[in-house]
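# Coordinate inspection notes
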Amino acid sequence: MYFVLTIGGNSTDREINIRLCYWSAKLRQTFMIEEKSTFMPELPYGNTTDYVPPLLRGSKKYPVQSSLTFNLAENAPVKPAAGDLVAVFVGEECRGVGKIGQPFTVFRTSADETILLRYYNKENAGVYSSQQSVTLSGGEAKTVTFMFD
């Protein structure tokens, strides 16, 4: 078994702490690795081809899955690029990652969880967080426009 991970950050990020979490459904346990790493901007580590894993439906930890499509506002202060990513967070836990204009799955523990959005712009090597909160009902599909604060 192997995993593909893409980390997006600000261009000023150098030495950062990374915490990788892995949920084992069979063991019903979360495994965690924490380490301090130094990253150089735009330098690939490992495999750089896009890989979309077949995520399992019906997870016991995240029983509610919704489809989210992310768009930028027309007057966005940044120009979207091919390598841009959007991430959905509940607190500090990432619950889904996708690309602009393409639906992706958001994993939640309940239908009333509020999600926060973060957007990585490859051209500026910057991460933008939005204070707008989004509530998804049940397993509905939703399109959200990212509002820059």
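None of the values given here were measured: they were computed from a predicted structure.

### Digging into the pattern of salt bridges
Following the criterion strictly, the structure yields 3 salt bridges and no others. Linking Glu-113 and Arg-95 is a salt bridge whose minimum nitrogen-to-oxygen distance equals 2.9 Å. Of the two residues, Glu-113 sits in the loop between strand E6 (104–108) and strand E7 (114–121) while Arg-95 sits in strand E5 (residues 93–98), which places them 18 residues apart along the sequence. Sharing partners across several salt bridges, the network here consists of Glu-93, Arg-95 and Glu-113.

### Details of the packing of aromatic side chains
Within the structure shown, the criterion is met by 4 aromatic pairs. Following the ring pairs from residue to residue traces out a cluster consisting of Phe-70, Tyr-119, Tyr-128 and Phe-146. In this structure, Arg-118 is placed above the aromatic ring of Phe-89, and the distance from its NZ or CZ to the ring centre is 4.1 Å.

### Observations concerning the side chain of Gln-65
In this fold, Gln-65 is placed in strand E3 (residues 64–72). There is a polar contact of 2.5 Å between the side chain of Gln-65 and the backbone oxygen of Tyr-62.

### Notes on the confidence of the model for the protein
Taken residue by residue, the protein gives an average pLDDT of 76. The fraction at 70 or more is 71%. Confidence, read as mean pLDDT per element, is least for strand E2 (residues 29–38) in the protein (71) and greatest for strand E4 (residues 85–90) (90).

### Notes on the side chain of Glu-113
The exposure class of Glu-113 is buried, given its relative accessible area of 12%. Among the polar contacts made by the side chain of Glu-113, one reaches the main-chain amide nitrogen of Thr-109 at a distance of 2.8 Å. With residues up to four places along the chain from it excluded, the contact list for Glu-113 reads Val-90, Arg-95, Arg-108, Val-134 and Thr-135.

### Brief notes about the pairing of E5
Here 5 bridges tie E4 to E5, and the two strands are oriented antiparallel to one another. Opposite Val-88, over in E5, you have Gly-96 as the bridge partner. Where E4 folds back onto E5 in an antiparallel hairpin, the turn is made up of 2 residues, including Gly-91, whose phi is positive at roughly 65°.

Calculation criteria
Residues numbered from 1 in each chain as written. Predicted model: local features only at pLDDT ≥ 70, side-chain atom pairs only at ≥ 80, totals over all residues. Heavy atoms only, no water. Salt bridge = Lys/Arg side-chain N within 4 Å of Asp/Glu carboxyl O. Helix = DSSP H or I, 4+ residues; strand = E, 2+ residues; numbered from the N terminus. Phe/Tyr/Trp six-rings, centres within 6.5 Å; stacked < 30°, edge-to-face > 60°. Lys NZ or Arg CZ within 6 Å of the ring centre and 35° of its normal. Polar contact = N/O pair within 3.5 Å; in protein donor to acceptor, adjacent residues only side chain to side chain. pLDDT = per-residue confidence, 0-100. Buried < 20%, exposed > 50% of the residue type's maximum accessible area, 1.4 Å probe, protein only. Contact = heavy atoms within 4.5 Å. Pairing = 2+ DSSP bridges.

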